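Summary of the model geometry
Here is what each chain is made of, one letter per residue.
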Amino acid sequence: MNANDAIAVFPIESMPIQTASNETRPLFKPSFLVLLIALLAGTTASFGQSTNRLSVDAVRRLRLPDVVLESVKSVGSDSKNPKAYLEVNGVIGTSIRFELLLPEDWNGRFVMGGGGGFVGTVQNMARGSVNRGYATVGTDTGHHDESGYLAGWAIDNLEAKVNFGHLAVHRTAEVAKALIRDYYGSDSKYSYFVGCSRGGGQAMMEAQRYPRDFDGIVAGAPAFNWTGLAAMSVAIAQALYPDPATLDHPVITKQSLERLQASIIEQCDAQDGLKDGVVQNPPSTHFDLSKVPGITEEQRKAFEAIYRGAFNGNVQIYPGYSPGAECDPGQWIAWITGSVPPMVAKDHVPDLMFAFGTQIWKGLVFNDPDWDYSRYNFSGFERDTRLAASFLNATSPNLDAFKARKGKLIIWHGWADPALPAQATVDYYRQVEAHDPNAAEYCRLFMVPGCLHCGGGPGASEVDWLSTIADWVEHSQSPDKVITSKRESGNVEMTRPLFPYPRYAVYNGSGDTKSAESFVAKSPAGLTH
């Protein structure tokens, strides 16, 4: 893997973005003013499609509380954008920038797409949905930083922190709905949120803190416990890079990662009944790190730290990565182990999770750009992170309000994710089930074998999650089984079924191993269905 490949795996690099300007805006006003939009901007309460739309000039003249529309333009259809739409760019408050796309052929629905990393540019993971008739919006979450993994913008700036933590997505959703109402002359019949990584955490925050914003929510590979992630990242950094002055000398080499990868497949692949390069359910397999050949004792201890996670004494703060899940050497170098030379040279960070972990502490917890990760011992973790957790973390298992408004939530995560440990998502879902034994009526978790961060990897991980959540919300078609696919050169190479956690797919012993029809559901207890 070369340096450019390492940087390219960061999810925001592949997302369409709109860079915000630095133009000064009016002073920040209380967020409750946005609630007036529903009364001041709306002219009708009817649902559905309308042909009586505002002109471009009329949209430019719209005045919403605490909102400035910077540009409004029509975008015609072409090979890249099959559907024509109206593009609206604006600013909410002093700094929350957004881009709203209003399709000419509107399907009466609205979807907001999440961002990645620390965001910092206008991002919308669902931007392409405009070509399916959805009105869609994205935001920069209230600050500007194109790196996506640095948090200097947050130091001593509580407004920026709260906007990033939760408020910017909520305010953007409110403004988007008001503009949709004015432009089309009717409300959206259904509203959705779809995100992965940071966007997955934004999705979970919406379900917990603003349950009335969306009818259906998809949270992929969610970054939802930021202080826990920061602890885990620093615990690993202390094992891999104990000396901050030697970030260009990784303990774990590419060769040792390749040996780990080969040993995982050799030990675990066939335990699910099919030797195909994909471990269907890593927690049910047995992996022995001591049997990995050709690695040093120092490297073995480093791998143990990666799998262990973060602890305060004997109490686990956050889980580590899943033993038995596939190790992609290139992805692990970029995300977990380093060292990526351009990142070291430019920002003095060896890999992405090192960057995120240390930057959360520096910018969002301690407001100290010189904070030294190598000296932190976690004994004061709860005290140190209490304030940051209050606006960053979406860890509440209480989804009662979302359930009461008949919302639906899909959470999904790849078992082989090299960015965010999948076990943390499983642990959260178990808490949701403990809080409400009937949680599966409105919230389901799908674990994706062989899936890296937000997609890719040796497994089948492509799913139309927007259609899946829409079918659940609009047609009461609960996702009892979801079919994933893997493509090579544009062609479907294999399909696999996903079943709601805790069930997972196993080969039925006959039939095409590349077809979903040859797999059945298995529960941890061993019962098949």
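Provided above is the structure to which this section pertains.
Report follows, based on the coordinates. (Residues numbered from 1 in each chain as written. Predicted model: local features only at pLDDT ≥ 70, side-chain atom pairs only at ≥ 80, totals over all residues. Heavy atoms only, no water.)

1. Here's the deal with the overall build of the protein chain
Helix and strand counts for the protein chain come out as 15 helices and 17 strands. Counting contacts in the protein chain only where the partners sit at least 6 residues apart, residues at least 24 apart contribute 68% of the total. Here the protein chain displays about 21000 Å² of accessible surface, and carbon together with sulfur accounts for 49% of that area. (Helix = DSSP H or I, 4+ residues; strand = E, 2+ residues; numbered from the N terminus. Contact = heavy atoms within 4.5 Å. Areas by Shrake-Rupley, 256 points an atom, 1.4 Å probe, with all protein chains shown as cover.)

2. What about helix 7 (residues 254-268)?
With 15 residues, helix 7 ought to run about 21 Å at 1.5 Å a step, and its terminal C-alpha atoms sit 21 Å apart, in line with that. Taken residue by residue, helix 7 has Ser256, Leu257, Leu260, Ser263, Ile264, Gln267 and Cys268 as its buried positions. The arc that holds the buried residues of helix 7, viewed along the axis, is 125 degrees, so those residues lie on one side. Contact partners of the buried residues in helix 7: helix 8 (297-308) and helix 9 (329-337). (Expected span 1.5 Å × (residues − 1). Buried < 20%, exposed > 50% of the residue type's maximum accessible area, 1.4 Å probe, protein only. Arc of directions from axis to C-beta.)

3. So, the state of the cysteines
Under the definition given, this model contains one disulfide. Here Cys196 pairs with Cys454 through a disulfide, and the sulfurs are 2.1 Å apart. A torsion of -105 degrees about the S-S bond marks the disulfide between Cys196 and Cys454 as left-handed. Residue Cys196 is found in strand 8 (residues 190-196), and its partner Cys454 is found in the loop between strand 13 (443-448) and helix 15 (465-475); the two are separated by 258 residues along the sequence. For Cys196, a relative accessible area of 7% gives the class buried. What makes Cys454 partly exposed here is its relative accessible area of 27%. (Disulfide = S-S within 2.5 Å.)

4. Notes on the layout of surface pockets
By volume, the second largest pocket amounts to about 330 Å³. Taken together, twelve residues form the lining of the second largest pocket, with Lys177, Ser188, Ser191, Asp215 and Arg405 sitting closest to its centre. By residue class, the composition of the lining of the second largest pocket is two nonpolar, two polar and eight charged. (1 Å grid on protein atoms, 1.4 Å probe; cavity = no way out; pocket = protein on both sides within 12 Å on 5 of 7 lines; lining within 4 Å. Points joined across faces, edges and corners; volume = space filled by probe spheres on them. Nonpolar A, V, L, I, M, F, W, Y, C, P; charged D, E, K, R; others polar.)

5. What to know about empty space enclosed by the protein
On inspection of all chains with the given rule, the structure shows six cavities of 30 Å³ or more. Within this model, the second largest cavity holds a volume of roughly 110 Å³. Lining the second largest cavity are 13 residues, and of these Met447, Phe499, Arg503, Tyr504 and Ala505 sit closest to its centre. Where the lining of the second largest cavity is concerned, the elements lending two or more residues are strand 15 (491-498) and strand 16 (504-507). Looking at the lining of the second largest cavity residue by residue, the classes come out as ten nonpolar, two polar and one charged.

6. Comments concerning the packing of helix 4 (residues 158-184) against helix 5 (residues 198-209)
At their nearest, the axes of helix 4 and helix 5 sit 10 Å apart, and the two run at 70 degrees to each other. With respect to helix 5, the axis of helix 4 lies roughly perpendicular. Taking contact as the criterion, the partners of Phe164, Gly165, His166, Val169 and His170 in helix 4 are, on helix 5, Arg198, Gln202, Met205, Glu206 and Arg209. In terms of residue class, the contact of helix 4 with helix 5 is made up of three nonpolar, four polar and three charged. (Axes fitted to C-alpha atoms, helices over the stretch in contact; angles between N-to-C directions. Parallel < 35°, antiparallel > 145°, perpendicular 65-115°, else oblique.)

7. Topic: the nonpolar core
Val88, Phe98 and Leu260 are the most contacted members of the largest nonpolar core, which totals 125 residues. The leading source of residues in this core is helix 4, at twelve residues. Within the second largest apolar cluster, 23 residues are counted, among which are Tyr134, Tyr190, Ala221 and Ile410. (Core = buried A, V, L, I, M, F, W, Y, C linked by side-chain atoms within 4.5 Å.)

8. Brief notes about the side chain of Thr425
Its location among the elements puts Thr425 in helix 14 (residues 422-435). By relative accessible area, Thr425 is classed as buried at 1%.

9. A short note on unusual backbone geometry
Of all residues except glycine, most have a negative phi; of all peptide bonds, most are trans. Put simply, Gly338 and Ser339 share a cis peptide bond, and its omega is 5 degrees. As for its position among the elements, Ser339 is in the loop between helix 9 and helix 10 (341-347). Each neighbour pair has its own omega, and for Tyr501 with Pro502 the value is 15 degrees, a cis peptide bond. Within the secondary structure, Pro502 sits in the loop between strand 15 and strand 16.

10. Some remarks on helix 6 (residues 226-240)
If you check helix 6, its first and last C-alpha atoms are 21 Å apart, about what 15 residues at 1.5 Å a residue would give, namely 21 Å. Counted residue by residue, helix 6 has 13 buried out of 15 residues, so it is predominantly covered.

11. Quick notes on the pairing of strand 5 (residues 109-113)
The buried fraction of strand 5 amounts to five of the five residues, a majority that puts the element mostly inside the structure. Residues Arg109, Val111 and Gly113 line one face of strand 5 and the alternating positions Phe110 and Met112 line the opposite face, and both faces are buried. The sheet contact formed by strand 5 and strand 8 spans five bridges and is parallel. The partner of Arg109 across the bridge, within strand 8, is Tyr190. (Pairing = 2+ DSSP bridges.)

12. Structural notes on the pattern of salt bridges
Applying the stated rule across the entire model yields 19 salt bridges. For Arg171, the salt bridge is made with Asp66, and the minimal N-O distance between the two is 2.7 Å. Here Arg171, found in helix 4, pairs with Asp66, found in the loop between helix 3 (56-60) and strand 2 (67-75); they are 105 residues apart in sequence, far enough to count as distant. Given a relative accessible area of 1%, Arg171 falls into the buried group. In this structure, Arg109 and Glu474 form a salt bridge, with 2.7 Å as the shortest nitrogen-oxygen distance. Within this pair, whereas Arg109 is found in strand 5, its partner Glu474 is found in helix 15, the two being separated by 365 residues in sequence. Here Arg109 matches Glu474 in class, with each residue buried. Here the salt bridges share partners, and the residues they tie into one network are Lys73, Glu87, Glu99 and Arg127. (Salt bridge = Lys/Arg side-chain N within 4 Å of Asp/Glu carboxyl O.)

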